[in-house]
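Geometric and topological summary
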Amino acid sequence: MIPEIGHFSLALALALAIVQSVLPILGASRGNVVWMQSAQSSAMGQVVFVGLAFAALMRSFVVSDFTVLNVVENSHSLKPMLFKIAGTWGSHEGSLLLWVLILAVFGAGVALFGSNIPAATKARVLSVQAWISVGFLSFLLFTSNPFERVFPPPANGNDLNPLLQDVGLAMHPPLLYFGYVGFSIVFSFAVAALLEGRVDAAWARWVRPWTLAAWMSLTAGIALGSWWAYYELGWGGWWFWDPVENVSFMPWLMGTALLHSAIVTEKRDAFKSWTILLAILTFSLSLLGTFIVRSGLLTSVHAFAVDPERGLYILGLLGLSIGGSLALYAWRAPEMEGGGLFRPVSREAGLLLNNLILAAATGTVLFGTLYPLLLEALTGDKISVGPPFFNAAFVPMMLVLVLFMGIGPFLSWKRADIGGVLQRVRFVALLCLAATLMLWYVQTGAPVLAYVAVAAALWLLFATLREWALRIKLFDAPLSESARRARALPRASHGMTLAHAGLAVVILGMVGSSAWKSEEIAFVRPGDRIEIAGFEVLFEGVEKRRGPNYLADQGRLKVWRNGSYVTTLFPERRSYPVARSTTTESAIRSTLAGDLYASITEPASDTAAKGGAWTLRILYEPLVNLLWIGAGLLVLGGALSLSDRRLRVGAPRRARRPQPQPAE
Amino acid sequence: MIWGIFAIMAIAGLTIALFPMRRAGMAPVLRADAVPAVLVDQLEEIDRDMARGLVSAPEAEAARQEIRRRMAQVLRRADRQTVTTTGGRGALILAAVFVPVMAFGYYSFAGAPDVPAVAFADRADERADTRRIADLAGQLRERLRADPDGGPTDGWMLLGQTYARMGQFDEAVTAFRTASGRDDAVSATWSMLAEAMIRANDGTVTPDAVTALNRALTLDLSNPAAAFYLAIADAQAGEVGAAHDRLTARLAETPGYQPWMDTYIAQANAFAQTLGRAPIASRAPVARSPSAADVAAAQEMSEGDRAVFIRSMVDRLATRLEDEPDDVNGWLRLANAYGVLQEMDKARDAYLRADALLPEGDARKAEVRASIARLENP
């Protein structure tokens, strides 16, 4: 019965979404308050019903109800509870249900917390949000029903992909989707503004919290995904320029540009149509990502043809929303009045440069991701565009970005004094040059680009800290005065400092772990020793171990450094009999200085399993943890910004207005 | 019960859609209030920045000017639109009624209200049954193995079929292989062996399976299962055209309708689509014997249900044969089915009917006679 309640609940949610997509927007254009108000209750209703459906599906997973086809295909009674729960969003249908749930959550968020937004604007925003909901709910119900039933139920389920049975990955899609789909509300704000014909400082401020929330989740989601790839795939890499990664990275790049361009719209009433365009493009890229991942296009253009119904449906949705919004943009954007003027050297110009580089970088990633697909569709040739392309095209752009990012915050609005700014950062430049030279002296042998990247990261870090120090007059005034000033600064300002510093830390982690990585791959027998990055590793052998739904070969590695015992590592190779697949569980000894990373892949020969040779892979990745720490700083910076009191300003004046009268 | 819950949910949906009625008459937030609120805050922010020493006095003044200008603009352009706070109830009620109507409308064709939810933990009995069958199969296997004569061929066949039904194809292969090594191995023994091998390999027709299939065809050229899997083997080797030809040729050999033809035609049409050839129409009579879907359904059933299902299938077949007594294959299948149901007399009668119909020289005649002999002298 419970799956059916979930199914019915989805139908009710679709019906409410249809009402919400029509009535409020009509109310906004006719000045009918009752119709406008209906947006709020139906947005809340949607979140209740989609939430109920999601809970119903989750319950089916938790109790292993194999009368639900989705549970059969993605779960197993022996699976650990956490992964049964995560199985809810592990499949195509479940992840789309999560998608729709988050869509509803953001709609309800605006309904609930947007009390400072004019009723007509809010009604339009929620109607546009409901258009997206209608599209995806009908997609869910008509092509990807998560509540498809089987009766009588099969004896047990087919298990979830063992690679996905991991805590990092279990939490990764919800965060990623929160970011992806969170940009939907920003899109809705943009389309509503185009319909209304008004974009101003207030609009930019109303959108800001939602942009920030989506951006933070996306940042966390991408970081978590990269962390998962790092320790689960067994290669020690944290980014592969894989299409699945790229499609989440593109909205992030665009969203970052949007976040910055919206500041100009808020402060200076400028970049209006640009900000709107970025809002549309950011969500369009999220949709594109969903399309590419969900249509099977990635596996092969031909895999798409196997199940064309779903692919075509999303393609239609994609065309309608992207094409429609861009057409609307082309029609209405020229009417938008330009805002404040600025000089070539100014905060505005700096942010413009940021936007241009980020947009170009997004274009590069988009090209590298879609080109193989287009080529395969047109000529049938299969090529892959990998790290060499992205490293050559993307990294230099980022270096330029980082260079200007250091200066940007020093610039004042409208017209900046470049001489003064350069004077302030002179010391920073010298400091980072000295630090880089010192590194070169100590750690020669890395490619030149690595030193350049380290210099860029240090430059960003020092310049950001310097700017912050100037603001609070650190060292120029007594410490107590600085502390008072730090407290007085708006949280958004601290947020920026933290996020920019976070990026510098991320870059240090990236460079350290790739340019200074040491790697050994060897066939080892019990008793063999390997030297790596100053560590001595002794392979003691492999033991069989039994997990809840897998069997494992567990390696045992004793590690010494300079003759003193450090740790023992237990890398595993797990085989899941039900799903008939194997995974590597790397063993990592993590410190701030770097990770010692070990994985065993397979016996080197048939006799190996009986105490013979195994393929052992050992890596030392310096500073790799700075990646996740830096990502954490980025998210924290976003959170600080989000908590800024200014984002709550303009809240209800209703208290001062006449009290509501009874309806009748 | 379930419809009661749906009704409550639908009423909740209706109420949510009607809720704005309660808020009629409330003053909405207008642009003329909301936008200046933000701008006023920006003005105050400039004062705060001054206090922090972040902006100079002239910069601050210029910024203030700009914001004041924007504020004047907003107030000048503020909503002139008149706002009604009460009208439009008709449309709201209509929209609210739409919510449950659409939900029930959709659900009535897409829902499955009669399918119960069954938690894994509540299916202990079913698992006990499965275990019991597994135990019985295990006992049978041990008995056959312990038999100094190697155990009767029929026993091994039963064991193989049981394991195949339980999804343990490796065990099924072992059992069928033993049976196929006997002198009394028939065509079906080899094709069942091949099928078990194929299913054990996730649908890949292995070279061993092809050998077994060819053996099955040597024993009985008309064995439809053998021809079918050989066609699959052709397709897996990339020769879809040959696969299609094989299926259509076999179909052309047998006039009228046989239950195996449904699977044949479906597979042939799948090949035809890849090849761009014309599809074949189904030969199934309207009131037909069990379709592939029925068979699939039977495989999903519990043991008790399956027995009932097989019984009804057999009864249907028997009734049909009363009307069409010349159907040799029908009698053979009926005989086989009675054999499975352990109704030996009826099985023998059916074999006798088939024997009478089979012309001298037919490859199956010997097999049928052997079966009759076995049934008469168990």
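Named according to an unreviewed UniProt entry, chain B is Cytochrome c-type biogenesis protein CcmH originating from Donghicola tyrosinivorans.

Looking at an unreviewed UniProt entry, chain A carries the name Cytochrome c-type biogenesis protein CcmF, with the source organism given as Donghicola tyrosinivorans. Recorded in UniProt under Sequence similarities (unreviewed entry), the annotation for chain A is "Belongs to the CcmF/CycK/Ccl1/NrfE/CcsA family." Note on chain A: under the UniProt heading Function (unreviewed entry), the record states "Required for the biogenesis of c-type cytochromes. Possible subunit of a heme lyase."

So, the overall build of chain B
Check the secondary structure of chain B and you find 17 helices and zero strands. A compact globule built from 378 residues would reach a C-alpha radius of gyration of about 21 Å, whereas chain B, at 37 Å, exceeds it by more than 25%. Counting over 378 residues, chain B shows a buried share of 31%. Once local pairs closer than 6 in sequence are excluded, the contacts in chain B between residues at least 24 apart make up 50%.

Some words on the overall build of chain A
Of the regular secondary structure elements, chain A holds 19 helices and ten strands. Since a compact globule built from 664 residues should have a radius of gyration of about 26 Å, the 27 Å found for chain A is in line with a globular shape. If one aligns the C-alpha atoms of chain A with their principal axes, the spans along those axes are about 85 × 75 × 55 Å. Every one of the 664 residues in chain A was classed for burial, and the buried ones make up 53%. Intrachain contacts of chain A at a sequence separation of at least 6 include 74% that bridge at least 24 residues.

Re the interface of chain B and chain A
With 68 residues of chain B in contact, the opposing surface of chain A contributes 62 residues. Among the secondary structure elements, those contributing two or more residues to the side of chain B that touches chain A are α1 (2-18), α2 (31-51), α3 (57-77) and α4 (89-110) of chain B. The element contributing the most residues to the side of chain B that touches chain A is α4 of chain B, with eleven residues. Of the residues that constitute the side of chain B that touches chain A, the class distribution is 43 nonpolar, 13 polar and twelve charged.

Side note on the domain arrangement of chain B
When the parts come together, some accessible area is lost, and that loss is often what is quoted as the size of the interface. Residue and element names in this part refer to chain B. The domains assigned to chain B are domain 1 (126-275) and domain 2 (314-376). Its C-alpha centre places domain 1 at a distance of 21 Å from the equivalent point of domain 2. Listed as interface residues are five residues of domain 1 and, on the opposing side, five residues of domain 2. Taken together, the residues of the side of domain 1 that touches domain 2 sort by class into two nonpolar, one polar and two charged.

Section: the nonpolar core
Judged by nonpolar contacts, the single largest core of 205 residues is most densely connected at L12, V100, V186, A457 and I507 of chain A. Not counting the four nearest positions on each side in its chain, V186 of chain A is found in contact with V207, W210, T211, A214, A279, T282 and F283 of chain A. Counting residues in hydrophobic clusters, the runner-up holds 44 residues, among them A175, A209, L230 and Y264 of chain B.

A word on the domain arrangement of chain A
Domain parsing of chain A yields domain 1 (1-165), domain 2 (170-334 + 343-386), domain 3 (417-513) and domain 4 (518-622). A straight line from the C-alpha centre of domain 1 of chain A to that of domain 3 of chain A covers 45 Å.

Re the UniProt feature "repeat: TPR" (unreviewed entry) in chain B
Mapped onto the present numbering, the UniProt feature "repeat: TPR" (unreviewed entry) falls at residues 153-186 of chain B. Within the segment residues 153-186 of chain B, helix and strand shares are 76% and 0% respectively, and the terminal C-alpha atoms sit 10 Å apart.

Topic: the confidence of the model for chain B
Here chain B averages 82 in pLDDT, while 90% of its residues score no lower than 70. We note a pTM of 0.77 for the whole complex and an ipTM of 0.83 for its interfaces.

Here we look at the UniProt feature "domain: Cytochrome c-type biogenesis protein H TPR" (unreviewed entry) in chain B
In the numbering used here, UniProt assigns the feature "domain: Cytochrome c-type biogenesis protein H TPR" (unreviewed entry) to residues 123-246 of chain B. Between the C-alpha atoms that bound residues 123-246 of chain B there is a distance of 44 Å. The span itself is 77% helix and 0% strand.

Concerning α2 of chain B
Taking 1.5 Å per residue as the helical rise, α2 of chain B with its 21 residues ought to reach 30 Å, and the 30 Å between its terminal C-alpha atoms agrees with that figure. As for α2 of chain B, its buried residues are in contact with α8 (201-232) of chain A together with α3 of chain B. Just past α2 of chain B, the residue G53 of chain B takes up positive phi, approximately 75°.

Brief notes about unusual backbone geometry
Residue and element names in this part refer to chain A. A positive phi angle, near 60°, is found at D269, a position not held by glycine. The topology assignment puts D269 in the loop between α9 (243-268) and α10 (272-294). Classification of D269 as buried rests on a count of 21 C-beta atoms within 10 Å. Positioned with a positive phi, N562 is a non-glycine residue whose angle comes to about 50°. Mapped onto the fold, N562 is located in the loop between β4 (551-561) and β5 (564-569).

Describing the packing of α2 of chain B against α3 of chain B
Residue and element names in this part refer to chain B. Orientation of α2 relative to α3, taken along the N-to-C sense of each, is 175°, at an axis distance of 10 Å. Considering the angle they form, α2 stands roughly antiparallel to α3. Contacts from A32, V35, P36, L39, Q42, L43, I46 and M50 of α2 reach α3 at A60, A63, R64, I67, R70, M71, V74 and L75. Along the lines of polarity and charge, the residues of the contact of α2 with α3 split into 13 nonpolar, one polar and two charged.

Examining the packing of helix α1 (residues 2-30) of chain A against helix α2 (residues 33-62) of chain A
Residues and elements named next belong to chain A. Contact geometry for α1 and α2: axes closest at 7 Å, N-to-C directions at 160°. The angle between α1 and α2 falls in the class roughly antiparallel. For the crossing formed where α1 meets α2, the hand is left-handed.

Brief notes about the environment of H244 of chain B
All names here are of chain B. Relative to the helices and strands, H244 resides in helix α11 (residues 240-253). For the pair H244 and T254, spaced ten residues apart in sequence, the C-alpha to C-alpha distance is 16 Å. Residues in contact with H244, not counting those within four places in the same chain, are A268, F271, A272, L275 and R277.

Brief notes about the environment of A416 of chain A
Residue and element names in this part refer to chain A. Along the polypeptide, A416 turns up in the loop between α14 (387-407) and α15 (418-442). Among the residues examined, A416 registers 22 C-beta atoms within 10 Å and is labelled buried. A416 sits 337 residues away from K79 along the chain, and the two C-alpha atoms are 61 Å apart. If we skip the residues at most four places from it in the chain, A416 touches V345, S346, R347, L411 and V421.

Some details on the environment of Y229 of chain B
Residue position: Y229 of chain B is located in helix α10 (residues 224-236). On a C-alpha basis, the gap between Y229 of chain B and G203 of chain B in space is 9.8 Å, while along the polypeptide they are 26 residues apart.

Digging into the pairing of strand β10 (residues 614-622) of chain A
Residue and element names in this part refer to chain A. The buried fraction of β10 amounts to seven of the nine residues, a majority that puts the element mostly inside the structure. Sheet topology places strand β1 (residues 518-524) next to β10; seven bridges connect them, and they run antiparallel. Its bridge partner lying in β10, S518 is registered against Y620.

Section: the pairing of strand β6 (residues 572-576) of chain A
Where β4 of chain A meets β6 of chain A, four bridges bridge the pair, whose relative direction is antiparallel. Bridging from a neighbouring strand, L551 of chain A pairs with S575 of chain A of β6 of chain A.

Rules used in this analysis
- Every chain's residues receive numbers from 1 upward, in the order its sequence appears when written.
- Labels are handed out in written order, letters beginning with A for the chains and numbers beginning with 1 for the ligands.
- Totals for whole chains, interfaces and linings use all residues, but because this is a predicted model, local features are given only for residues with pLDDT of at least 70 and pairs of side-chain atoms are given and counted only at 80 or more.
- UniProt positions are given in the numbering used here, feature names are shortened, and annotations may be inferred rather than shown by experiment.
- Helical segments are the DSSP runs of H or I of at least four residues, strand segments are the runs of E of at least two, and each set is numbered from the N terminus.
- With the radius of gyration taken over C-alpha atoms, the globule rule is written as 2.2 Å times the number of residues to the power 0.38.
- Burial in this document is a count-based property: other C-beta atoms within 10 Å of a residue's C-beta are tallied, and the residue is buried at 20 or more, exposed at 12 or fewer, or partly exposed in between, with C-beta positions derived from the backbone.
- We call two residues in contact if the C-beta atoms placed from their backbones are at most 7 Å apart.
- Residue polarity is assigned by list, with Asp, Glu, Lys and Arg as charged and Ala, Val, Leu, Ile, Met, Phe, Trp, Tyr, Cys and Pro as nonpolar; anything else, Gly included, falls into the polar class.
- The start and end points of each domain follow an automatic or database-based domain assignment.
- To count as a nonpolar core, a set of buried Ala, Val, Leu, Ile, Met, Phe, Trp, Tyr and Cys residues must be joined through C-beta atoms within 7 Å.
- Across the chain, each position has a pLDDT score giving the predictor's confidence in that residue, from 0 to 100.
- Under the convention used throughout, the expected extent of a helix is 1.5 Å for every residue step, that is, one less than its residue count.
- Helix axes use the C-alpha atoms of the stretch in contact, all axes being lines fitted to C-alpha atoms, and the angles between their N-to-C directions lie in the range 0 to 180 degrees.
- The labels follow the angle: roughly parallel below 35 degrees, roughly antiparallel above 145, roughly perpendicular from 65 to 115, and oblique for the rest.
- We call a crossing left-handed when the near helix sits turned anticlockwise from the far one by less than a right angle, and right-handed when that turn is clockwise.
- Here a strand pair is declared whenever DSSP counts at least two bridges between the two strands.

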